[in-house]
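Analysis of the macromolecular model
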Amino acid sequence: MLVAVGITDGPFGPVEFENCYFVSLLHGGTLLSTFDKPIVIVKGDAAEDKPITVYTLVYPPMQLDTQKEAATPEAMYAAMVNFMAEARTKNVDFLHDETPTGSLIIESYWVPEGHPWFPPENWAVAIQVSDPELKSAWLKGELGAVSWGGSAFSVKKPVVMKHPVKSVGTVELSNDDGPLPIHDHEAMLFYDADANILPGKTKETFGHAHEVGGPGTKTGMAFGHAHGMKIVPKAEA
């Protein structure tokens, strides 16, 4: 059984945006998902006289973060517009300390459909990093994400979710098809704005996993079998 969370009681999100002051360099991601690491593309090398460029998403909307909050796409679009309109491209700090690091936002855009790196409806940036210590940290993987700092969270109200944010648990037991004993898999599912399951995989059992994704309630086939996915609200679990 997979327990769905975040249907009617959350998450909270900023719905009246005020200001976005900083983009912050972080050690790791801010999202609760443990299946997907932040998407980060680093271009350049450690040569001290040349900067590197970091391409990443600022804060994916409608995904629970470690504070159990989420921003709507509209709020993140407003954050992007505000940040650029106020010419804050030098406001790149470290761990939300609001002290500019010398890094510079050289690209900022709302991701379109078909982007080679990022899913649509996200705020993407390219950050030019010249400081030798920060360059080294990005290249070694010691820095691995960014977020934003602003005053949007001072005004918030529940965002009504008509479908789960995520589901956690196990898929249904397999049948007698295929060469493996009857078994299940642990899984964590995440959903898009249309309640479709985002592409991913179950955890491994007997040396294999199953792909999940789309509107269906079954996993993909592996070793001659698939699994059903019974999803129930948290209150009924």
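Throughout this description, residue numbers start from 1 for each chain and increase along the sequence as written. Residues qualify for local features only when their pLDDT is at least 70, as the model is predicted, and side-chain atom pairs are given and counted only at 80 or more; totals for whole chains, interfaces and linings, by contrast, use all residues. Neither water nor hydrogens contribute to the side-chain values; these are computed over all heavy atoms in the structure.

**Digging into the overall build of the protein**
Where we set the bar: Where helices and strands are cited, they refer to DSSP runs of H or I of at least four residues and of E of at least two residues respectively, numbered from the N terminus. Think of it in three bands: with a 1.4 Å probe and only protein chains considered, a residue is buried below 20% of the maximum accessible area for its type, exposed above 50%, and partly exposed in between. The contact definition used throughout considers only heavy atoms, calling two residues in contact when any of these lie within 4.5 Å. Residue-level accessible areas treat just the shown protein chains as cover; the underlying method is Shrake-Rupley with a 1.4 Å probe.
Regarding its fold elements, the protein presents two helices and 15 strands. Scored against the burial criterion, the 237 residues of the protein give a buried share of 43%. In the protein, of all internal contacts separated by at least 6 residues, the share reaching a separation of at least 24 is 64%. As displayed, the protein offers around 12500 Å² of accessible surface, 53% of which is attributable to carbon and sulfur atoms.

**Points about the nonpolar core**
The cut-off we apply is this: As used here, the term nonpolar core means buried Ala, Val, Leu, Ile, Met, Phe, Trp, Tyr and Cys residues forming a set that is joined through side-chain atoms within 4.5 Å.
Residues L25, W123, I127 and W138 are the most contacted members of the largest nonpolar core, which totals 24 residues. Secondary structure elements with two or more residues in this core: β3 (20–26), β5 (52–57), α1 (73–85), β8 (123–129), α2 (132–140) and β9 (145–150). When neighbours within four sequence positions are excluded, W123 is seen to be in contact with C20, V23, T56, L57, V58, M76, A79, M80, F83, S108, Y109 and W110.

**Side note on the confidence of the model for the protein**
One rule of thumb: low pLDDT means the predicted coordinates there are not for detailed reading. The test is simple: Note on scores: pLDDT gives the predictor's confidence for each residue, bounded by 0 and 100.
Averaged over all residues, the pLDDT of the protein is 80; the fraction at 70 or higher stands at 76%. Mean pLDDT across the secondary structure elements of the protein bottoms out at strand β2 (residues 12–14), with 49, and peaks at strand β7 (residues 104–110), with 96. Residue range residues 7–13 is modelled with pLDDT below 50. Its contacts to residues more than four positions away, or to other chains, number 26 contacts.

**Describing the packing of aromatic side chains**
Here is the rule: Two rings from Phe, Tyr or Trp (for Trp, the six-membered ring) form a pair when their centres sit within 6.5 Å of each other. Planes less than 30 degrees apart are called stacked, planes more than 60 degrees apart edge-to-face, and all others tilted.
This structure, assessed with the given rule, holds five aromatic pairs. Between Y77 and W110 the ring centres are 5.3 Å apart and the planes differ by 85°, which places this aromatic pair in the edge-to-face class. With Y77 in helix α1 and W110 in strand β7, this pair connects stretches of sequence that are 33 residues apart. Every member of this aromatic cluster is reached through a ring pair, and the members are Y55, W117 and F118.

**Digging into the pattern of salt bridges**
A side chain of one charge can pair with a side chain of the opposite charge when the charged atoms of the two come close. For clarity, the cut-off: Any carboxyl oxygen of Asp or Glu within 4 Å of a side-chain nitrogen of Lys or Arg constitutes a salt bridge here.
Under the defined criterion, the tally for this structure stands at one salt bridge. Across the salt bridge formed by K203 and E186, the nearest N and O atoms sit 3.7 Å from each other. Linking K203 in the loop between β13 (197–201) and β14 (211–214) with E186 in strand β12 (residues 186–190), this pair joins segments that are 17 residues apart in sequence.

**Description of the environment of H227**
Threshold: Polar contacts here mean pairs of N or O atoms no more than 3.5 Å apart (in protein, one a potential hydrogen donor and the other a potential acceptor; neighbouring residues in sequence count only if both atoms are side-chain atoms).
Inspection of the secondary structure assignment puts H227 in the loop between β14 and β15 (231–233). Residue classification places H227 among the buried residues on the basis of a relative accessible area of 0%. Sequence separation between H227 and V212 is 15 residues, and the spatial gap between their C-alpha atoms is 10.0 Å. Each residue touching H227, except ones within four places of it in the same chain, is listed here: V171, E172, L173, S174, H183, D184, H185, H210, T217, K218 and T219. One polar contact links H227 to H225, side chain to side chain, over a distance of 3.3 Å.

**Here we look at the sheet that holds β7**
The line we're drawing: Pairing between strands is defined by DSSP: at least two bridges between the two strands are required. Orientation is described by lines fitted to C-alpha atoms, with helices fitted over the stretch in contact, and by angles between N-to-C directions that extend from 0 to 180 degrees.
Strand order in the open sheet made by the four strands is β4-β5-β8-β7, with antiparallel pairing throughout. Edge positions in the sheet fall to β4 (40–43) and β7, since each of these pairs with one other strand and no more. The mean inter-strand angle of the sheet, taken between neighbouring strand axes irrespective of direction, is 15°. Where β4 meets β5, four bridges bridge the pair, whose relative direction is antiparallel. Across the sheet, K43 pairs through a bridge with T53, a residue of β5. Its contacts with the sheet place α1 against β7 and β8, and it is angled at close to 140° to β7. Contacting β4, β5 and β8, α2 crosses the sheet at an angle of about 55° to β5.

**Notes on the sheet that holds strand β6 (residues 92–94)**
On the basis of which strands lie adjacent, the open sheet formed by three strands has the order β6-β3-β9 and mixed pairing. The sheet is open, and its two edges are formed by β6 and β9, each paired on a single side. Adjacent strand axes in the sheet meet at a mean angle of 35°, parallel and antiparallel pairs treated alike. Along the sheet face, α1 touches β3 and β9 and points at about 105° away from the line of β3.

**Focus: α1**
How we decide: What a helix should span is 1.5 Å times the count of its residues minus one.
Here α1 spans 18 Å end to end across 13 residues, near enough to the 18 Å set by a 1.5 Å rise per residue. Those residues of α1 that fall on the buried side of the exposure criterion are A75, M76, A79, M80, N82 and F83. Of the residues flanking the end of α1, it is A87, one or two places downstream, whose phi is positive at about 55°.

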